[in-house]
Amino acid sequence: MATDDRRRFPRSVFEGGEDPDPRFSLANERTFLAWIRTGLAFVAAGLALEALQVPVPSWLRVTIAVILVLAGLAATIQAWLSWVRTERAMRHLTPLPSSGLKLPIAVMLGIVAVAVLIAVLL
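Each chain carries its own residue numbering, running from 1 in the written order of its sequence. The model is predicted, so local features are restricted to residues of pLDDT at least 70 and side-chain atom pairs to those at 80 or more, both for listing and for counting; the totals for chains, interfaces and linings are taken over all residues. Side-chain descriptors were evaluated using all non-hydrogen atoms of the structure, hydrogens and water having been removed beforehand.

Surface patches are defined over residues having more than 30% relative accessible area and no salt bridge, joining like charges when they lie within 9 Å and nonpolar side chains (Val, Leu, Ile, Met, Phe, Trp, Tyr) when within 5 Å. Throughout, the Shrake-Rupley method with a 1.4 Å probe supplies accessible areas, and for residues the shown protein chains are the sole cover considered. For this document, the term salt bridge refers to a Lys or Arg side-chain nitrogen within 4 Å of an Asp or Glu carboxyl oxygen. A cluster of nonpolar side chains, Phe9, Val62, Val66, Leu70, Leu73, Ile77, Trp80 and Leu81, forms an exposed patch at the surface whose accessible area comes to about 750 Å². Labels follow the DSSP assignment, with helices taken as runs of H or I lasting at least four residues and strands as runs of E lasting at least two, numbered in each case from the N terminus. As for its position among the elements, Trp80 is in helix α4 (residues 58–91). Burial classes follow relative accessibility: with a 1.4 Å probe on protein chains only, a residue under 20% of its type's maximum area counts as buried, one over 50% as exposed, and anything between as partly exposed. The exposure class of Trp80 is partly exposed, given its relative accessible area of 36%.

With that settled, the discussion passes to the environment of Leu52. Relative to the elements of secondary structure, Leu52 occurs in the loop between α3 (22–51) and α4. Using a relative accessible area of 65% as the deciding quantity, one classes Leu52 as exposed.

Let us look at helix α5 (residues 102–121). Multiply 1.5 Å by the residue count of a helix minus one, and that product is the helix's expected span. With 20 residues, α5 should reach 28 Å at 1.5 Å per residue; the first-to-last C-alpha distance of 29 Å fits that figure. Along α5, the residues that are buried comprise Ile105, Met108, Val112, Ala115 and Ala119. Mapping the buried residues of α5 onto a view down its axis gives an arc of 85 degrees, with all of them on the same face. Exposed residues lying more than 90 degrees from the buried face of α5 are Leu103, Leu117, Val120 and Leu121. What makes two residues a contact is simply this: any of their non-hydrogen atoms within 4.5 Å. Looking at the buried positions of α5, the neighbouring elements they touch are α3 and α4. Picture the helix axis, draw a direction to every C-beta atom, and the arc is the one those directions span.

Whether a set of points on the 1 Å grid over the protein atoms alone is a cavity depends on a 1.4 Å probe fitting there but being unable to get out, while an open set qualifies as a pocket with protein on both sides within 12 Å along at least five of seven lines; lining residues are those with an atom within 4 Å of a point. Grid points are joined across faces, edges and corners, and a volume is the space filled by probe spheres set on the points. One number sums up the size of the largest pocket: a volume of about 160 Å³. If you go around the largest pocket, the residues you meet are Asn28, Thr31, Trp35, Ser82, Arg85, Thr86, Leu96, Pro97, Ser98, Ser99 and Lys102. Secondary structure elements with two or more residues in the lining of the largest pocket: α3 and α4. A per-class count over the lining of the largest pocket returns three nonpolar, six polar and two charged. Each residue gets one of three labels, nonpolar for Ala, Val, Leu, Ile, Met, Phe, Trp, Tyr, Cys and Pro, charged for Asp, Glu, Lys and Arg, and polar for the others, Gly among them.

Listed below in structure tokens is the structure:
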């Protein structure tokens, strides 16, 4: 391991394999940042929904807000796990992994959509 590699975080990603083409690593980083922005948007939407006291039943407003914040947390976790797994796969020339949290995030947003529809109809 080169001295420079010991300073790179996380070491579990950078300690093995070879550096991929920088364009691929930068694309992986852009995807990471897109997931982070998505997570931030979910959290902001959940907080705004609760802070603005939208005129819907409080139990429904709180439920939607909590689901949005949880979706934001899941998107943030998705960002990190996906970045690590993809970077490691590129360094070891193995197939790129699929990400496991996309379906739960989509389900949470589907629940939010149904809840919003219920709120609009009430």
